[in-house]
Every structure is written in C-alpha cells, then in structure tokens.
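Chain by chain, the residues:
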Amino acid sequence: MSISLNTCILILKEHHLLKSSAVQDTISSKMEYVSYDSRDVHTNTLFFCKGAGFRPTYLSMAKANGANCYVAEQPYPEGKGMHALIVRNVSKAMALLSAAFFRFPQDDLYLIAITGTKGKTTTAYFLKGMLDQVNGGKTALISSVNTVVGPKKDDTFKSSLTTPESLDLFRDMRIAVDNGMTHMVMEVSSQAYKKNRVFGLTYDLGFFLNITPDHIGPNEHPNFADYLHCKLQLLVNARKCIINAQTDHFPEVYAAAMTTTDPDSIYLFADEKFTNPDLKQTIDFRFSTQELDMSRTRFQVLCVSDKAKQLKIAGDYQLKMLGDFNESNGTAAVIGAGLAGMNYDDAAKGISQVTVPGRMQTEVTKKHGVVVVDFAHNEASMMALMGFMQREFNNPKIIVVVGAPGDKGVSRRPGFSNSLNAYADKAFLTTDDPGFEDPMDIAQEIDAGIDHSKVDVTIELDRKKAIHDAISMSKQGDVVLICGKGEDSYQKIRGVDTPYPSDITVAQQVIDELEGQKEHFNG
C-alpha cells in the first residue's frame, strides 16, 4: 500500500485542514508506510507528530529511520529535508490520511458502532455472536476486551484501548477486509470522538445505550456536557440509529440523531413497563423478563410500531448470562441483527451461545455463597449489578471487592462510594490499575464517601489477598462481587503492564483452596 504526497495534499485541502506544505524535489513523493511511533518507521514513511507527549526528538528518530514526510501542527527544524504537511488538527489529519492509505476499508464492511456508559462490550459481543451465525464467522470486532480481525487464532488479540487510534483502527479494518470479514462491530468511546480516532467514519448502524456521568477528570473530559457531546457524535454519524428510550438526557440524544437521520431510520426501545408522558416519540420495541436464574436469562422482544414489525425478530430470547440489566443490551443487539437482515430463528440461536469475557462469570460454591466476577467499573454498572443481586437472592449479605483506576476516571470514585452505600454490607477496597497514583490515596478517597454505619470497610491493596479474604469470610447465602478487572491479566502500575492472574483465576484458586471442588457457570 502507498499514498502520494499530492493525494495527501488534496485530502487535507478538501477538509480545510492544510495550513502549508513544503515539498522536497530530491526525495520520493510516495509514502509506503504510515506511523505515529518513531520506533515503527520504515523507508518512505508518512510520520504523524501527534499527542500531548510528542517531542521533536521523535521526529529526528523517525527521519533517521527512513520517514520522508511528516504531518504536524507546526514546522519543526528536525524535519528539515523532509516533505512537511502543516495542518490545523493533526489527529483529524491522521484519521483521514490513514483511511486513504489503507484504501478506505470501511467501505467494504457493514459497520456497526455502539456507545454508552455501560453495556457496550456486552452488546457488541451479542451482535457479533448473532451475525456470525449467518455470515460464517465473518464478523470483526473492536472492543475494550479483544480485537478480532479474522478467523485464525492470531487474528484475535487483547485490546489496549476501547477504540484504537485512527491509524491502528484503519489498519485493523484493512486486515479484516483482506481476511474476508464482511461485518464489523465496534465499541466507540467518548475519547474516540474527543481525540478524533473515528473522524470521518459513518456507520451503517449506531447505538446509544445510556449515559451517566463518567470519564470526567483532568486527563479525560472537563465536564459532563463535554462527555455527552462526544457520545452524541456517534448518532450524528450513523445512517440508522438505535436508542434506549430510557436513557438519561433522552431529548438531547434524540435531537442529535435527528440532525442527520430521517425519523423513519431512528428506532427506540424500552422495557415494557416504561412510561414517560413527556416522550413524544413512539417506542418501536419493548422487552420483558420471562425467567432469570443463576446460569441464564430469558426475555421477550415485542415489535410495537409498524416499522418494527417489518423486522421479523419478535419472540423469546435466551442468554447465557444472568442479570436483568442484560436484557436491555440483548434487546439492542437483537434490533441491530434485525436491521442487518437477520430473522428471529437465527438471532435467537446466535445470541443464546454468546459468552462475554469478564462479564458475570459466576461461581456457585458449597459453603461460601455465590462469587461473581464482573467488569462493572462505574456507578451505573455497580448499581445495576448489586441491585440485581439484592432482588435475585432476597436481600443477601453483599460483599464487594473493588478499586478505582489511577490517572483517569477520577469522577467514578464518589460513584463507587454511592453504590456501596446503597447495597453493600462489606467492602474490600483494593488496587485496580493505579497508574502513577498511590493506590492507598485512591482507596482512601473512595472510603471517605462511605457511610461506615452501613458498610464495613477493609482497605487491602493486595488484590489477590482482598479476593481471598472476601471469599473466605462469606457464608452460604452470601454474594461476593469482584468488580472492575474481569479477565484483565495485568495491572497498570507506573506505566508498566504488570502481570496479574485475572480476577476469575484468583477467585477459582481461592475456592479450590477452601473447598477443593466447585461448579463453574460462565455467564
């Protein structure tokens, strides 16, 4: 693959991004590689000077390694002798030029994007499971857990970001297309729009699941208004929109969809019991609980409006996951499958087989109650998880192991305190990707918001010991919730991904130690 300097200039001019250009007659005007990492540069590389951490010495390294053109928001002396493209916004430029370099792979994929404060990953996995049922496993996936770009084992790998940098995203898309993938389901984070990782993309289907305050802090969004604005951009850039009518800020969400999408291409869904006298729009799909137990969830999808009835997806569905909150995610995914051309039989079969790594992985023990490992990592998901456990098990003693990441998601910490106050009897505050912060400071910040007359708190920074102690103290009828990391096999500590066995592995080892044998139910 390659891209010419003239093509780059034309694209940047078309989008009013080019401020100036410097062309060198003595070097090749064709770029045969693209990179924003000076350590990953080949001969004739188009190099992007991007990011808050960019240093001019990186450009010197890129030039020495063979880069012949750089894109930046200002000229650098270190780039003397290279082609230079000086732009108004380097992250937007990188998205557009990367798409062109990789020959616009999005045009060869049925592209589905999902946003929301909670439920993105579960919904994405549900949709992939259903689409794989009819396209022979040719659904690519971009999620916060794994990236899937093909059918081989090596084509599935751990994700480093919920939504990759644009250059990596378009490279993954190109690999997926070359591997014969026909659909792609992707999670789109608020940061993806904040940092222009998906700039220029239009989705065939765009989902808005929910919105609650999250990702607000010095390294993320300055306030909730900015967070909401970034989330809404997904709907502005989708041909068809699927919206949870029960989401907070629904009027703003619906208005965003209406800016670029005909009302006939906007689909709303809600619980069958949901009513809102202020809601002027018709709800197209309703869902209702049929059955819940420790290994499965059954729910029904009803097609209400005329346009909903055109999709042949009404009926009963079964999930391999417990939790009534997953019915909403399942309904969203079923609607998406219907809009992608699937019928009820294929959708029901596909979704019934799906398991989601790190989500609602459940161990039913002999003497220590029920142990659940879940990725719940903000107030909304913690409230949903603990509320379900309280209803399902008739007010059990709830023991929670939880921490908060460092350097980001600072706004989540009071939310952890609120959710523990609402439902927990015992809390073990521990380490969860502390980054460059002191994990004790993070734990004490959460602890400061906890009502100690309701919740007994232990701060145990050794996460493995916290899990051990929580399970050890639990008795028959209790529920132990291990929240936050799911299947993550590392802890982010001072810039290093430090190996960690994963919560489910630690929990299973503890149960083995305490009981010798156990029953596994992977939800």
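Predicted model only: the values in this text are computed from it and were never measured.

(A) Spatial organisation of the overall build of the protein chain. In terms of regular secondary structure, the protein chain is built from 16 helices and 27 strands. For a compact globule of 523 residues, the expected C-alpha radius of gyration is about 24 Å, and the protein chain comes in at 24 Å, within 12% of that figure. Expressed along its principal axes, the backbone C-alpha trace of the protein chain runs to roughly 75 × 55 × 45 Å. Relative to its 523 residues, the protein chain shows a buried fraction of 57%. In the protein chain, 54 side chains carry a positive charge and 64 a negative one; their mean positions are 4 Å apart.

(B) Spotlight on the nonpolar core. Among the nonpolar cores identified, the biggest contains 71 residues, and Phe285, Met389, Val400, Leu420 and Leu481 are the most heavily contacted of them. Considering every element that reaches this core, the biggest residue donor is helix α10 (residues 325–339), with seven residues. Discounting residues that sit within four places of it in the chain, Val400 has contacts with Met382, Met386, Leu420, Ala424, Lys426, Ala427, Phe428, Leu481 and Cys483. Ranked by size, the runner-up nonpolar core spans 70 residues in total, among them Ile142, Phe170, Met181 and Val188.

(C) Layout of the sheet that holds strand β7 (residues 83–87). Strand order in the open sheet formed by five strands is β2-β7-β6-β5-β4, and the pairing between neighbours is mixed. Two strands bound the open sheet, and with one partner strand each, they are β2 (18–22) and β4 (33–35). Direction aside, the axes of adjacent strands within the sheet are offset by 15° on average. Looking at chain direction, strand β6 (residues 67–72) and β7 are connected through four bridges and run parallel. Following the sheet pairing, Cys69 is matched in β7 by His83.

(D) Quick look at the pattern of salt bridges. Counting across every chain of the model gives 19 salt bridges. Notably, a salt bridge pairs Arg171 with Asp168, separated by 3.5 Å at the nearest N-O pair. Of the two residues, Arg171 and Asp168 are both situated in helix α5 (residues 166–178); the distance of three residues between them amounts to about one turn of the helix. Look at Asp168 and you get partly exposed, because its relative accessible area is 22%. Taking the shortest distance from any N to any O, the salt bridge between Glu437 and Arg413 comes out at 2.9 Å. One end of the pair, Glu437, is in the loop between β22 (426–429) and α14 (439–448); the other, Arg413, is in helix α13 (residues 412–423), and 24 residues separate them in sequence. Look at Glu437 and you get partly exposed, because its relative accessible area is 26%.

(E) Structural view of the layout of surface pockets. Each pocket or cavity is described by its volume, and for the second largest pocket that value is around 980 Å³. Residue lining of the second largest pocket: 33 residues in total, with Tyr36, Lys50, Gly51, Ala52 and Glu165 positioned closest to the centre. Those elements that place two or more of their residues in the lining of the second largest pocket are β4, α2 (56–64), α3 (90–101), α5 and α6 (190–194). Examining the composition of the lining of the second largest pocket, we find that three residues originate from one element, α5, more than from any other. Residues belonging to the lining of the second largest pocket are distributed by class as follows: 13 nonpolar, eight polar and twelve charged.

(F) Layout of helix α7 (residues 224–236). Under the 1.5 Å per step criterion, the end-to-end length of α7 is 19 Å for 13 residues, consistent within 8% with the ideal 18 Å. Of all 13 residues that make up α7, ten are buried, and the element is covered over most of its length. Of the positions making up α7, those classed as buried are Phe224, Asp226, Tyr227, Leu228, Cys230, Lys231, Leu232, Gln233, Leu234 and Leu235. On its buried face, α7 is in contact with β8 (110–115), α4 (120–135), α6, β13 (203–208), β14 (238–244) and α8 (250–258). Where α7 begins, the capping side chain belongs to Asn223, and its oxygen is found 3.3 Å from the backbone nitrogen of Ala225.

Cut-off values and rules
Residues numbered from 1 in each chain as written. Predicted model: local features only at pLDDT ≥ 70, side-chain atom pairs only at ≥ 80, totals over all residues. Heavy atoms only, no water. Helix = DSSP H or I, 4+ residues; strand = E, 2+ residues; numbered from the N terminus. Rg over C-alpha atoms; globule rule 2.2 N^0.38 Å. Buried < 20%, exposed > 50% of the residue type's maximum accessible area, 1.4 Å probe, protein only. Lys, Arg positive; Asp, Glu negative; His and termini not counted. Charge placed at Lys NZ, Arg CZ, Asp CG, Glu CD. Core = buried A, V, L, I, M, F, W, Y, C linked by side-chain atoms within 4.5 Å. Contact = heavy atoms within 4.5 Å. Pairing = 2+ DSSP bridges. Axes fitted to C-alpha atoms, helices over the stretch in contact; angles between N-to-C directions. Salt bridge = Lys/Arg side-chain N within 4 Å of Asp/Glu carboxyl O. 1 Å grid on protein atoms, 1.4 Å probe; cavity = no way out; pocket = protein on both sides within 12 Å on 5 of 7 lines; lining within 4 Å. Points joined across faces, edges and corners; volume = space filled by probe spheres on them. Nonpolar A, V, L, I, M, F, W, Y, C, P; charged D, E, K, R; others polar. Expected span 1.5 Å × (residues − 1). Polar contact = N/O pair within 3.5 Å; in protein donor to acceptor, adjacent residues only side chain to side chain.

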